[in-house]
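Architecture and fold: a report
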Amino acid sequence: MSIHLLTSGFIQPGLEKSAADLKIEETAQYITKLEKQLANVVKHVDNMVRKLKESSAHLLEFGQSLNFLGQTEGDAIGTALAHMGETVDKLGGCYAAQAEEEISKFMEPLDDYARMMNSVKAAIQQRQEKRNAYIAAMADVDGKFAALRKVQGAVGKEAIARQKEEAVTLAEEVRERAKHDYERVTDRLLAEFETFRVRKAIDIKDIVNNFVDLQVRKEWSVVCVGGYICQTLMVVHCAVD
C-alpha cells in the first residue's frame, strides 16, 4: 500500500488531528522521498558493479590473450608479453574484488535501508488500522448512547434500558481498549522511526568512508599495476630494438 493511501485517512470525523499525526505525516512524506532516492542510488550502484565485472572479464580475457601471444613469441619479447598478461590479469582481479566489495559495502547496507523503510511503512499502515478501529469504537459508543437515551425514563421500558446501559458499558470498554492499542502503536511507530533516523545517520557516514577508502585503494592498485605494465612495455621496446 502506498504512503499516500496510508496517510490520506488521517483527517477523519470523530478524532482531531494530533501532534503525533503531524509527525507521522511528516515521516510518511520523508519515507516516500527517501524511497525514490534510494531506488535511484541502488540503480547507479548496480550499474557500477556491472561495469566493474564487465571490465574485469575483459581484462582477464586480454591478459590471457597476452599470455598466449607471449608463449607463441618465445624469447625475451614472449617473456615480457607473458609478464604483461599476468599483470593485466591482476588488474582484472582488482576490478572483480572491487565489484564484490561494492556489493558488500553499498548494496547490502542499501538493502537493509529498504527493509527498515518497509518496516516503518508497515507500522504506519498498522497505526492507521488501529486509528480506524478507535474511531469506529467511538462511533459505536455514541450510537449506543443515543439508543439508550430513547428509552431512559420511559414507562415499561426499564428492562430494555438496562440492556442498553450494559451495551454502552461494553462499548466503552471496547473503545478504551481500541484507544490503548492506537496509542501503543503510535508510540512504537515514533520510536521505530527515531531508531531508523539515528541508524541512518551512522550508516551514511560509514558508507561514505567505505566509498572513499575503496576508491583510494582501487586507484592505488591501478597505479601500481599501471607502473608494472609500463616497465614491461619498456622491456618489450628494448627487446625489439
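Up top you'll find the structure we're talking about.
Below is a summary of the structure that appears in this document. (Residues numbered from 1 in each chain as written. Predicted model: local features only at pLDDT ≥ 70, side-chain atom pairs only at ≥ 80, totals over all residues. Heavy atoms only, no water.)

Here's the deal with the overall build of the protein
Within the protein, the regular secondary structure consists of 4 helices and 0 strands. Within the span of the protein, comprising 241 residues, buried residues form 33% of the whole. Considering only residue pairs separated by 6 or more positions, the protein has 84% of its internal contacts joining residues 24 or more positions apart. (Helix = DSSP H or I, 4+ residues; strand = E, 2+ residues; numbered from the N terminus. Buried < 20%, exposed > 50% of the residue type's maximum accessible area, 1.4 Å probe, protein only. Contact = heavy atoms within 4.5 Å.)

Re the layout of surface pockets
Space inside the largest pocket adds up to approximately 310 Å³. When contributions to the lining of the largest pocket are tallied by element, the ones reaching two or more residues are α2 (19–73), α3 (75–151) and α4 (158–240). With 7 residues, α2 is the single largest residue contributor to the lining of the largest pocket. Classifying every residue of the lining of the largest pocket by side-chain character gives 12 nonpolar, 2 polar and 1 charged. (1 Å grid on protein atoms, 1.4 Å probe; cavity = no way out; pocket = protein on both sides within 12 Å on 5 of 7 lines; lining within 4 Å. Points joined across faces, edges and corners; volume = space filled by probe spheres on them. Nonpolar A, V, L, I, M, F, W, Y, C, P; charged D, E, K, R; others polar.)

Here's the deal with the environment of Leu52
When you line up the elements, Leu52 lands in helix α2. Looking at Leu52, the relative accessible area reads 9%, which means it is buried. Distance in space between the C-alpha atoms of Leu52 and Ala97 is 9.1 Å, their sequence separation being 45 residues. Excluding residues within four positions of it along the chain, Leu52 makes contact with Tyr95, Gln98, Ala99 and Glu102.

Overview of the nonpolar core
If you look at the biggest cluster of nonpolar residues, it comprises 31 residues, and the most contacted ones within it are Ile31, Val45, Met117, Ile124, Leu189 and Phe196. If you list the elements that add at least two residues to this core, you get α2, α3 and α4. The element best represented in this core is α3, accounting for 16 residues. In this structure, Leu15, Ile135, Ala137 and Met138 belong to the second largest nonpolar core, which totals 7 residues. (Core = buried A, V, L, I, M, F, W, Y, C linked by side-chain atoms within 4.5 Å.)

Thoughts on a nonpolar patch on the surface
A grouping of Met48, Ile204, Val208, Phe211 and Val212 is seen on the molecular surface, where their side chains present a nonpolar patch of about 390 Å² in accessible area. Element by element, the count of residues in the nonpolar patch is highest for α4, at 4 residues. Its place among the elements puts Val208 in helix α4. (Patch = residues over 30% accessible without salt bridge, like charges linked within 9 Å, V, L, I, M, F, W, Y side chains within 5 Å. Areas by Shrake-Rupley, 256 points an atom, 1.4 Å probe, with all protein chains shown as cover. Salt bridge = Lys/Arg side-chain N within 4 Å of Asp/Glu carboxyl O.)

Here's the deal with α3
Here α3 contains 77 residues, and its C-alpha end-to-end distance of 113 Å stays within 8% of the 114 Å for a straight helix at 1.5 Å per residue. Of all bends in α3, the biggest is about 30°, found at Ile103. Where α3 ends, the next residue or the one after it, Gly153, has phi of about 80°, a positive value. (Expected span 1.5 Å × (residues − 1). Bend = angle between axes of the 7 residues up to and from the residue.)

Focus: α2
Over its 55 residues, α2 extends 79 Å from the first C-alpha to the last, a length consistent with the 81 Å expected when each residue adds 1.5 Å. Capping the start of α2 is the job of one residue whose side-chain oxygen sits 3.3 Å from the backbone nitrogen of Ala20: Ser18. Where α2 ends, the next residue or the one after it, Gly74, has phi of about 70°, a positive value. (Polar contact = N/O pair within 3.5 Å; in protein donor to acceptor, adjacent residues only side chain to side chain.)

Here's the deal with the pattern of salt bridges
By the definition in use, this model includes 8 salt bridges. With its nearest N and O atoms 2.6 Å apart, the salt bridge here joins Arg127 to Asp21. Highlighted residues: Arg127 in helix α3 and Asp21 in helix α2, separated in sequence by 106 residues. Per residue, the accessibility class of Arg127 equals that of Asp21, and both read buried. Within the structure, one salt-bridge network assembled from shared partners comprises Asp21, Arg127 and Arg131.

It is worth stressing that arrangement in space is one thing and function is another; only the former is reported here.
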